[in-house]
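# Commentary on secondary and tertiary structure
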Amino acid sequence: MMDHTALGEPLPPLAGKHAISVSLPTWTSHIGFKEDDPSVTGLMQTGYPRFWIHWNIRKLSRYFENKYAIGDELALLLRSATAAKECQAFLQARNVAARILDYERPKARPGAEVHVVFYPPECFLVAKQFWQHTGLGITTRLADYYIAFLDVPGEESAFERCEVNKLAAFDPGEDLTVHAENAKTTIRHRLAKILDIEIDSVWLYCAGMHAIWSAHQVCMITLGQRKSVCFGFPYVDTLKILEKWGPGCYFFPDGSDQYIDELDQLLAKLSAENPSSPPILALFTEVPSNPLLRSVNLPRLRLLADKYDFPIVIDDTIGNFANVNALPFADILTSSLSKLFSGRADVMGGSLILNTTGKYCQRFREELAKSHEDMYFDEDVIIMERNSRNFEQRNKIIDTNAEAITDFLRSCTSVVKDLYYPKWQTSQYYDICRRQSGPNGGYGGLFSILFSSVAAAQGFFDALPCPKGPSFGTDFTLVCPYAIIAHYRELDWAAGHGVPLELVRVWVGLEPLDELMRAFSAAVKAAEDAHERYAPGQVPGAVWTLRV
């Protein structure tokens, strides 16, 4: 049954501390979260793992701080020695004094390491950038293991004790390491089968952004230090990775054919200036993009890549493996397995897949063989394998539900200014990748609604009786005010690229379609009422204060 979930509750509730979303049920609670308002953050039992450091991870951090910190240093807990070195380099490049803890590490079971980077407390926001962009922080399950393994003192807080789905419990007699290795192989086989490729082209990561960050690293190590191109308006952290690691990037936010022409001109200019070297490192794009659900002209981009000698990295998370096959146009395909592949929103994961017919495949494969670290914690990957067993069946239901809901919303012209969904946004380019055979080849479960006013957007958002918070790809409907959650400190910049406050992003879940239709109909009525209630230029008070 669709309903509102209380502020701060895990989403989904049964996932408890391992949930990767959190209930922010109103427009103003999202603002409170971004403003670090204690009346909001003090109630949060969990949060999206790259945006929120969970309470049990904080508890383990305090253990290391109390035992090893110099002065008031804070600790950032990472998955490997390499991750710690990368974090230290990131911080030092920004004039932050950072040191890696050198201590006699306890003999935990294989694959259960925690590495510590200390930094000054006033630099927390800089350290959090590394945590957020790379996905290299430890997980709640690894924190639980280490707290028990080290016998960290102190009672559990109420948030640490929050209920955990008993279906995700483990048999105490299991050899988790063996079980985890089998789960990794099964997931790789599952992905390889969907894409009709060999398993040795599939690499697993502990988060989707870890896969994207790693793809960029592999390109830089293999091909040299050059600027990349970000083509189309991407998910926020993809652009940040390209900007903050290496020499930077050229950003083409529109992604239309007109900008492919401009890209061609830029590439020709750079090639003329330095004929002995490819003009760029790589081109990064999404199919389709988040949150505008636009697809780029991949055949034209592929021609440019072949002409000017650079690889293409495609993130197909939103389209997903069951709906689209973008691999023929990519040299590297990345995806967040945390989303629909898992569906239950209780575990993170990512994948990186090489196109074996691509020019760079052998060089990338050799580099990955040297540098890829298996950082996937045993319990996390076991849960991912369990969750993903019925991925294709769930995808089919969600495709059907989302298409029906967007057909309805297209008729609500009084308050819906535009609707971003691959069926109508650059569909000619989405269809090039869309699977044309078999039952799965839909348009996905994600869409964004551009309302006629902020008042209408807030009215719709607050009235829709469903979970609200970060992430998407869940088995349940999940909604967020995207500009606030992803671009709160750069709202004018985001609006200038087509992502204003009036935009609400929606993921449609597995709920019965008639129930979804009733809920969305009622929310549209609330949007119409809010739009009529406020004069042009006026918005509800909470949002009005945001703009003054």
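All figures in this text were calculated on a predicted structure; none of them were measured in a lab.

### Observations regarding the confidence of the model for the protein
On average, residues of the protein carry a pLDDT of 92, and 93% of them reach 70 or more. Across residues 542-548, where pLDDT falls below 50, the model places 15 contacts with residues more than four positions away in sequence or in other chains.

### Concerning the pattern of salt bridges
Taken as a whole and judged by the stated rule, the model has 24 salt bridges. Its salt-bridge partner being Glu385, residue Arg190 comes within 2.9 Å of it at the nearest N-O pair. Residue Arg190 is located in helix 7 (residues 176-195), and its partner Glu385 is located in helix 13 (residues 378-387); the two are separated by 195 residues in the primary sequence. For the pair Arg190 and Glu385, one class covers both residues: buried. Among the ionic pairs, Asp514 bridges to Arg518, the shortest N-O distance being 3.8 Å. With Asp514 and Arg518 both in helix 19 (residues 513-533) and four residues apart, this pair spans about one turn of that helix. On the basis of relative accessible area, Arg518 is assigned to the exposed category, the value being 53%. Taken together, the shared-partner salt bridges connect Arg109, Asp378 and Glu379 into one network.

### Some details on the side chain of Ser228
With respect to the helices, strands and loops of the structure, Ser228 is situated in strand 7 (residues 228-231). When residues no more than four places from it in sequence are discounted, the contact partners of Ser228 are His216, Leu242, Gly248, Cys249, Tyr250, Leu281, Ala282 and Phe284.

### Focus on the packing of helix 4 (residues 81-92) against helix 5 (residues 124-134)
For the pair helix 4 and helix 5, the least separation of the axes is 10 Å and the interaxial angle reads 135 degrees. As the angle between them shows, helix 4 and helix 5 are arranged oblique. Here helix 4 and helix 5 pass one another in a crossing that is right-handed. In this structure, helix 4 uses Ala83, Glu86, Cys87, Phe90 and Leu91 to contact helix 5, whose residues at the interface are Val126, Ala127, Gln129 and Phe130.

### Remarks on the pairing of strand 11 (residues 332-336)
Taking burial as the measure, the five residues of strand 11 include five buried ones, the bulk of the element. Burial of the side chains of strand 11 extends over both faces: Ile332, Thr334 and Ser336 are buried on one face and Leu333 and Ser335 on the other. Pairing of strand 10 (residues 312-315) with strand 11, which is carried by three bridges, proceeds in the parallel orientation. If you follow Ile314 over to strand 11, its bridge partner there is Leu333. Relative to strand 12 (residues 350-354), strand 11 runs antiparallel, the two sharing five bridges. Opposite Leu333, over in strand 12, you have Ile353 as the bridge partner.

### So, the sheet that holds strand 7
The strand order 6-12-11-10-9-7-8 describes an open sheet built from seven strands, whose pairing is mixed. Of all strands in the sheet, those bounded by a partner on one side alone are strand 6 (202-205) and strand 8 (249-252). For this sheet, the mean angle separating the axes of adjacent strands, direction not counted, is 20 degrees. Note that strand 7 and strand 8 share four bridges and pair parallel. Each residue of the ladder has a partner; that of Val229, found in strand 8, is Tyr250. In the packing of helix 11 (residues 298-308) onto the sheet, contacts are made with strand 7, strand 9 (283-286) and strand 10, and the angle to strand 10 comes to roughly 155 degrees.

### Focus: the packing of helix 16 (residues 454-463) against helix 19
In contact at an axis separation of 7 Å, helix 16 and helix 19 are set at 145 degrees when each is read in the N-to-C sense. Crossing angle aside, the handedness with which helix 16 passes helix 19 is right-handed. Together, Ala455, Ala456, Gly459, Phe460 and Ala463 of helix 16 and Phe520, Ala523, Val524, Ala526, Ala527, Ala530 and His531 of helix 19 make up the contact between the two elements. Grouping the constituent residues of the contact of helix 16 with helix 19 by class yields ten nonpolar, two polar and no charged.

### Some thoughts on the sheet that holds strand 14 (residues 446-451)
Pairing is antiparallel in the open sheet, where four strands are placed in the order 13-14-16-15. Among the strands making up the open sheet, the edge pair consists of strand 13 (416-420) and strand 15 (478-480). With direction set aside, neighbouring strand axes in the sheet form an average angle of 20 degrees. Note that strand 13 and strand 14 share four bridges and pair antiparallel. Bridging across to strand 14, Tyr420 finds its partner in Ser448.

### A word on the nonpolar core
Ranked by internal contacts, the top residues of the largest apolar core, which has 189 residues, are Leu60, Phe64, Phe447, Phe451, Phe460 and Phe520. Of all the elements, helix 8 (residues 208-223) adds the most residues to this core, at nine residues. Ignoring anything within four residues of it in the chain, the contact list for Leu60 reads Leu77, Ile138, Ala143, Tyr146, Ile147, Leu150 and Val152.

### Things to note about unusual backbone geometry
Of the consecutive residues Val287 and Pro288, the connecting peptide bond is found in the cis state with omega at -15 degrees. Relative to the helices and strands, Pro288 is located in the loop between strand 9 and helix 11. Cis geometry is adopted by the peptide bond preceding Pro291, which originates at Asn290 and carries an omega value of 15 degrees. By the secondary structure assignment, Pro291 is in the loop between strand 9 and helix 11. Even without being glycine, Asp36 reaches a positive phi, approximately 55 degrees. Along the chain, Asp36 turns up in the loop between helix 1 (27-34) and helix 2 (38-41). We note that Asp196 has phi near 60 degrees; this positive angle belongs to a residue other than glycine. Looking at the secondary structure, you find Asp196 in the loop between helix 7 and strand 6. What makes Asp196 exposed here is its relative accessible area of 70%.

### Details of helix 3 (residues 55-68)
Compared with an ideal rise of 1.5 Å per residue, which puts 14 residues at 20 Å, helix 3 spans 20 Å between its outermost C-alpha atoms and is within 8% of the ideal. Taken as a whole, helix 3 has its buried residues at Asn56, Ile57, Lys59, Leu60, Ser61, Tyr63, Phe64 and Glu65. Lining the buried residues of helix 3 we find strand 3 (74-78), strand 5 (115-119), helix 5 and helix 6 (140-149).

So, how was this worked out
- For every chain, the first residue of the written sequence is number 1, and numbering continues from 1 along that sequence.
- Predicted model: local features are reported for residues with pLDDT of at least 70 only, side-chain atom pairs are reported and counted for 80 or more only, and whole-chain, interface and lining totals are derived from all residues.
- The basis for every side-chain value is the complete set of non-hydrogen atoms in the structure, without hydrogens or water.
- Scored from 0 to 100, pLDDT records how confident the predictor is in each individual residue.
- Contacts are assigned to residue pairs that have any heavy atoms within 4.5 Å of one another.
- Note on definitions: salt bridges are taken to be side-chain nitrogens of Lys or Arg within 4 Å of carboxyl oxygens of Asp or Glu.
- Helix numbering and strand numbering both begin at the N terminus, where a helix is a DSSP run of H or I of at least 4 residues and a strand a DSSP run of E of at least 2.
- Relative accessibility thresholds used throughout: buried, under 20% of the residue-type maximum; exposed, over 50%; partly exposed, between the two (1.4 Å probe, protein chains only).
- Every angle, taken between N-to-C directions, lies between 0 and 180 degrees, and every axis is a line fitted to C-alpha atoms, over only the stretch in contact when it is a helix.
- Orientation is classified from the angle alone, with under 35 degrees giving roughly parallel, over 145 giving roughly antiparallel, 65 to 115 giving roughly perpendicular, and any other angle giving oblique.
- In this scheme, a crossing is called left-handed if the near helix is turned counterclockwise away from the far one by less than a right angle; it is called right-handed if the turn is clockwise.
- Strand pairing follows a simple DSSP-based rule, namely that at least 2 bridges must link the two strands.
- Throughout this entry, Asp, Glu, Lys and Arg are counted as charged residues, while Ala, Val, Leu, Ile, Met, Phe, Trp, Tyr, Cys and Pro are counted as nonpolar. The remaining residues, Gly among them, count as polar.
- Nonpolar cores are built from buried Ala, Val, Leu, Ile, Met, Phe, Trp, Tyr and Cys residues. Side-chain atoms within 4.5 Å join them into one set.
- An expected span of 1.5 Å times one less than the residue number is assigned to each helix.

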